[in-house]
Protein chains: 2
Amino acid sequence: MSNRHTFPILVLTLFSVAACASNGGTTSDPLPSWNDGGAKAAIVDMVSRVTAEGSADFVRPSERIATFDNDGTLWSEQPLYFQAIYVFDRIRELAPKHPEWKEQEPFASVIRGDAKSALAGGEKALLEMVMATHTGLTAAEFSISVENWLDGARHPKSGKPFTSMVFQPMLELIDYLRQNDFKIFIVSGGGIDFVRVFSEDVYGIPPERVVGSSLEAKYEVRDGTPVIVKIPEIDLINDKEGKPVGIHRYIGRRPVIAVGNSDGDYAMLQYTTSGSGARLGLIVRHTDAEREWAYDRDSHIGRLDRGLDDADKNGWIIIDMKSDWKRIYPFENN
Amino acid sequence: MSNRHTFPILVLTLFSVAACASNGGTTSDPLPSWNDGGAKAAIVDMVSRVTAEGSADFVRPSERIATFDNDGTLWSEQPLYFQAIYVFDRIRELAPKHPEWKEQEPFASVIRGDAKSALAGGEKALLEMVMATHTGLTAAEFSISVENWLDGARHPKSGKPFTSMVFQPMLELIDYLRQNDFKIFIVSGGGIDFVRVFSEDVYGIPPERVVGSSLEAKYEVRDGTPVIVKIPEIDLINDKEGKPVGIHRYIGRRPVIAVGNSDGDYAMLQYTTSGSGARLGLIVRHTDAEREWAYDRDSHIGRLDRGLDDADKNGWIIIDMKSDWKRIYPFENN
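Residues numbered from 1 in each chain as written. Chains lettered and ligands numbered in written order. Predicted model: local features only at pLDDT ≥ 70, side-chain atom pairs only at ≥ 80, totals over all residues. Heavy atoms only, no water.

Residues and elements named next belong to chain A. Per-chain confidence: chain A averages 91 in pLDDT, with 91% of residues scoring 70 or above. A low-confidence stretch, residues 1-25 stays under pLDDT 50, and its non-local contacts, those more than four residues away or across chains, total 40 contacts. Across the assembled chains, the prediction reports ipTM 0.90 with pTM 0.91. (pLDDT = per-residue confidence, 0-100. Contact = heavy atoms within 4.5 Å.)

So, about the environment of B:Ala153. Residue and element names in this part refer to chain B. One can find Ala153 in the loop between helix 7 (139-152) and helix 8 (168-179). Assessed through its relative accessible area of 12%, Ala153 is described here as buried. As for Ala153 and Lys240, which are separated by 87 residues in sequence, their C-alpha atoms are 29 Å apart. In contact with Ala153, not counting residues within four places along its chain, are Lys160, Pro161 and Phe162. (Helix = DSSP H or I, 4+ residues; strand = E, 2+ residues; numbered from the N terminus. Buried < 20%, exposed > 50% of the residue type's maximum accessible area, 1.4 Å probe, protein only.)

The next thing to look at is the side chain of A:Arg90. Residue and element names in this part refer to chain A. As for its placement among the helices and strands, Arg90 is situated in helix 3 (residues 82-94). Classification of Arg90 as buried rests on a relative accessible area of 12%. Each residue touching Arg90, except ones within four places of it in the same chain, is listed here: Thr133, His134, Leu137 and Ser145.

Here chain B sits on chain A after a turn of 180° about the axis and a move of 0.0 Å along it, with an RMSD of 0.0 Å. Put plainly, the chains are arranged around a two-fold axis. Relative to the rotation axis, the C-alpha of B:Tyr250 is the closest in chain B, positioned 3.3 Å from it. Most of the interface of chain B is mirrored in chain A, where 100% of its interface residues again form contacts. (Least-squares fit on C-alpha atoms with pLDDT ≥ 70 in both.)

Let us look at the interface of chain B and chain A. In this complex, chain B contributes 34 residues to the contact, which on the side of chain A involves 34 residues. Contact between chain B and chain A buries roughly 2,900 Å² in total, counting both sides, with carbon and sulfur atoms accounting for 52%. On the chain B side of the contact with chain A, B:Glu208, B:Tyr219 and B:His248 bury the most area, a combined 23% of that side's loss. At the junction of chain B with chain A, the criterion picks out six salt bridges. Where A:Arg253 meets B:Glu200, a salt bridge forms, and the shortest distance between an N and an O atom there is 2.5 Å. Viewed at the interface, chain A and chain B are joined by 24 residue pairs in polar contact (both at pLDDT 80 or more). Every element with two or more residues in the side of chain B that touches chain A is listed here: strand 2 (183-191), helix 9 (192-203), strand 3 (210-222), strand 4 (225-236), helix 10 (242-250) and helix 11 (266-273) of chain B. The biggest single contributor to the side of chain B that touches chain A is helix 10 of chain B, with five residues. Across the side of chain B that touches chain A, the residue classes break down as 16 nonpolar, five polar and 13 charged. (Buried area = accessible area lost by both parts, 1.4 Å probe. Salt bridge = Lys/Arg side-chain N within 4 Å of Asp/Glu carboxyl O. Polar contact = N/O pair within 3.5 Å; in protein donor to acceptor, adjacent residues only side chain to side chain. Nonpolar A, V, L, I, M, F, W, Y, C, P; charged D, E, K, R; others polar.)

The next point concerns the pattern of salt bridges. Throughout the structure, instances matching the rule amount to 54 salt bridges over all chains. The salt bridge involving A:Asp89 is made with A:Arg92; its shortest N-O contact spans 3.3 Å. One end of the pair is A:Asp89 and the other is A:Arg92, both in helix 3 and three residues apart, which spans about a single turn. Among the salt bridges present, the one from B:Arg249 reaches A:Asp235, with a minimum N-O distance of 3.3 Å. Note that B:Arg249 is positioned in helix 10 and A:Asp235 in strand 4 (residues 225-236), a pairing that runs across two chains. In terms of burial, B:Arg249 and A:Asp235 fall into one category: buried. The network of salt bridges with shared partners includes A:Asp235, A:Arg249, B:Asp235 and B:Arg249.

What follows is about the pairing of strand 2 of chain B. Residue and element names in this part refer to chain B. Burial analysis of strand 2 places nine of its nine residues in the buried class, the great majority of the element. Alignment of strand 1 (residues 65-68) against strand 2, held across four bridges, turns out to be parallel. Bridge assignment links Thr67 to a residue of strand 2, and that residue is Phe185. (Pairing = 2+ DSSP bridges.)

So this is what it looks like as structure tokens:
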């Protein structure tokens, strides 16, 4: 990875240092980009309770599991999932070798530049395109392809690298939970091998703490070198009811905190907050058309409908991006 | 879990404390149950090199991955894999409800007490018996069943709880690697949900750092309660060439150190030690018929044949149980 991808963490670190210094070394606000009250108050209250020894809500550090969705929760997902933009770029790169794609959906839509039609089949259509473009690649070759793309690609609206379009308040929340001995996992509908390429540099979350959709893989010795090869069969669709399955498979424990933004996270929040003891479900609501995007019930990407209906009933906290967050991205002036 | 299962860790802790005290607080031998030289020297040399900043072999802490097989590597596996004994006990418990099993293999062999025939099909036969005996159980119900069994069952030869038949030198090795900022994973041919029940209490390895063979699972809301239900389809056979696949799936990085004892670990060691930079492959050879068991090339359980042939060529270190280990089990007198 280039140094560029360490940018958000560096920014966070610099801010933490600055905050400490200005307080003369006393405990500073761990969530400076969050407005007081609302979601912030619920988070701080919850963390205080589960970490207070002797409290009825105390949770042992080894059981302090927090799971975060990625697209729309840790970084933006408009105008398309960033991984979809990567896959589309790959399809256009490979198209000269695949003349048949001009007549074949969803490839034909991608080549025509009609992203909406190409993604009409949702996560599954995306995974099928991933399969078609990566058959026979080794896991290492795939990682390099993603690294190279992240280095060069720019977001169509902001002109920034995709890895800098992460949410500053979420970097702070991850850091705050980590300082309170939480183990932080990404539980993404996106591809596990895709997210693992940047998760450690961008969020400080190592590959083994990333859960995501996956293809099958096999082990072989290729020209004398042992490698993992991606094969074009779906292993896990880590979305909707697949998220608790992915959590069980990879983590083996019910989370204490789950954070999402769409109905694809409903089952994860339901599974999490139905556990015994103190639990917290958080939903990021995209309400800020000026600084980010505003969308929920009618959006094709990141649709949030049932989750809004049931949040109160289930005790889930809505994070209203416009009113809860002082800043969105690390690159903004404060 | 009952307190009984914390026994090995407690013993290890007490020994560490005693060792420190006798040295007046200076750095004590981190591997007191290992004889000097041989495997111990190779381990200490490797750890020193990868942790020395500025060394050509330095490995960043986040990439210090060590993977351990379980059966025959961290605990004994004779006269049968301990999980097989659990499954056989379950089959005998459920047999009155399944009169058809008397005519049906491998169940008929289990009911007759012929373990060898029942296990002729290897890990896969074992997984099939797991499936037959656990269909429709929730993950939580399965865990309770294993916990209860571990509490009451005793090893047929030693008369000890199975969780006390772990190898004291391996508890020390895990602790030593952890102190050197390694992340320790179990990568077992046994069932992931089985090993996760006791891995944290017995080895200090939390569930999310256990990789193993697995059944498919689904998420459902059962009588209003969200649960994970085990379903009778094989997901991953985490043995032989399946081990590097499991490592890729769960960890996403090539290990720096891999420890096994049978040809089921060959691919894991090959994948590990073919990586660039310093790597270490260790094979426990069961050579001590008096204190544990002696078996290798001709054994049905834990067969070690190709691994012995190729160890020198591949630079793998053989741990000779009889000569390398001062003690085997935590409960032995020193």
